[in-house]
Amino acid sequence: MRQNEIAEILNRPYSKELLARDLTRLAYVAKDGTPRNVPIAFVWNGEQIVMCTTTNAPKLHALRQNPMVALTIDTEVHPPKILLIRGRAELDVVEGIPDEYLQMNGSYEMTAEQRVEWEAEVRSLYQGMVRIVVTPTWVKLIDFEQTLPSAVEELVRERAERQSA
């Protein structure tokens, strides 16, 4: 997929809405060759999805072995809005707490006092973290208004052909 096509899809109103959410589902291949799909907090910085994890997270070993990932960001209402993203995970080990980690947890409902306590706990627990950075190489927005899953699009096309025959 070309970058201008990716940018056009990511700039649609529903995509922007989805990119402002808290959680994505990160799919990758584990070291044993089996698939994994884990929910993880993220931020969209305008060009990349940034997720943060502990330096000892099992997914890091797998991502170093095979950095190709798929992400799903969706809604819980009908009809759902779904943003599918594929890309390559780049791992960035950092000292302390990345700013993105503090940003991505900013939308949880906490009082100001809870936020201060949470951040103090985080800073005391983590000496460092790993930023998982994904630049989209393929995207698809499914909104069930203008876009459908490809298999459903095929069924709609086949039905139209039957009806016009």
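Preceding this paragraph is the structure being described.
The following paragraphs examine the structure supplied in this document. Since we're looking at a predicted model, the values are computed, not measured.

1. What about the packing of aromatic side chains?
Pairs of aromatic rings are described using the distance from one ring centre to the other and the angle between the two planes. Summed over all chains, the structure comprises two aromatic pairs. With centroids separated by 6.0 Å and ring planes inclined at 25 degrees, the aromatic side chains of Tyr 101 and Trp 118 adopt a geometry described as stacked. Taken together, the positions of Tyr 101 in helix H4 (residues 99-104) and Trp 118 in helix H5 (residues 112-125) put the pair 17 residues apart, joining distant regions of the chain. With relative accessibility at 13%, the residue Tyr 101 sits in the buried group. Centroid distance Tyr 101 to Tyr 126: 6.0 Å. Interplanar angle 70 degrees. Geometry classified as edge-to-face. Here the residue Tyr 101 occupies a position in helix H4, and Tyr 126 occupies one in the loop between H5 and strand S7 (128-142), the gap between them amounting to 25 residues. Tyr 126 sits in the buried class, given a relative accessible area of 18%.

2. Description of the environment of Glu 145
Within the element layout of this structure, Glu 145 appears in the loop between S7 and helix H6 (150-164). Residue classification places Glu 145 among the exposed positions, given a relative accessible area of 53%. Beyond its immediate chain neighbours, meaning those up to four positions away, Glu 145 contacts Tyr 14 and Lys 81.

3. Digging into the nonpolar core
Membership of the largest hydrophobic core comes to 26 residues, with the highest contact counts inside it found for Ile 49, Met 51, Ile 73, Leu 83 and Ile 85. For this core, the secondary-structure elements that each account for two or more residues are helix H1 (3-10), helix H2 (13-19), strand S1 (23-29), strand S4 (49-54), helix H3 (58-65), strand S5 (68-74), strand S6 (82-95) and S7. Looking at this core, the element that brings in the most residues is S7, giving five residues. Not counting residues within four places of it along the chain, the set of residues in contact with Leu 83 comprises Leu 10, Ser 15, Leu 18, Leu 19, Leu 71, Thr 72, Ile 73, Lys 140 and Leu 141. Counting residues in each nonpolar core, the second largest holds twelve residues, with Ala 41, Tyr 101, Met 129 and Val 133 among its members.

Conventions used here
Residues numbered from 1 in each chain as written. Predicted model: local features only at pLDDT ≥ 70, side-chain atom pairs only at ≥ 80, totals over all residues. Heavy atoms only, no water. Phe/Tyr/Trp six-rings, centres within 6.5 Å; stacked < 30°, edge-to-face > 60°. Helix = DSSP H or I, 4+ residues; strand = E, 2+ residues; numbered from the N terminus. Buried < 20%, exposed > 50% of the residue type's maximum accessible area, 1.4 Å probe, protein only. Contact = heavy atoms within 4.5 Å. Core = buried A, V, L, I, M, F, W, Y, C linked by side-chain atoms within 4.5 Å.

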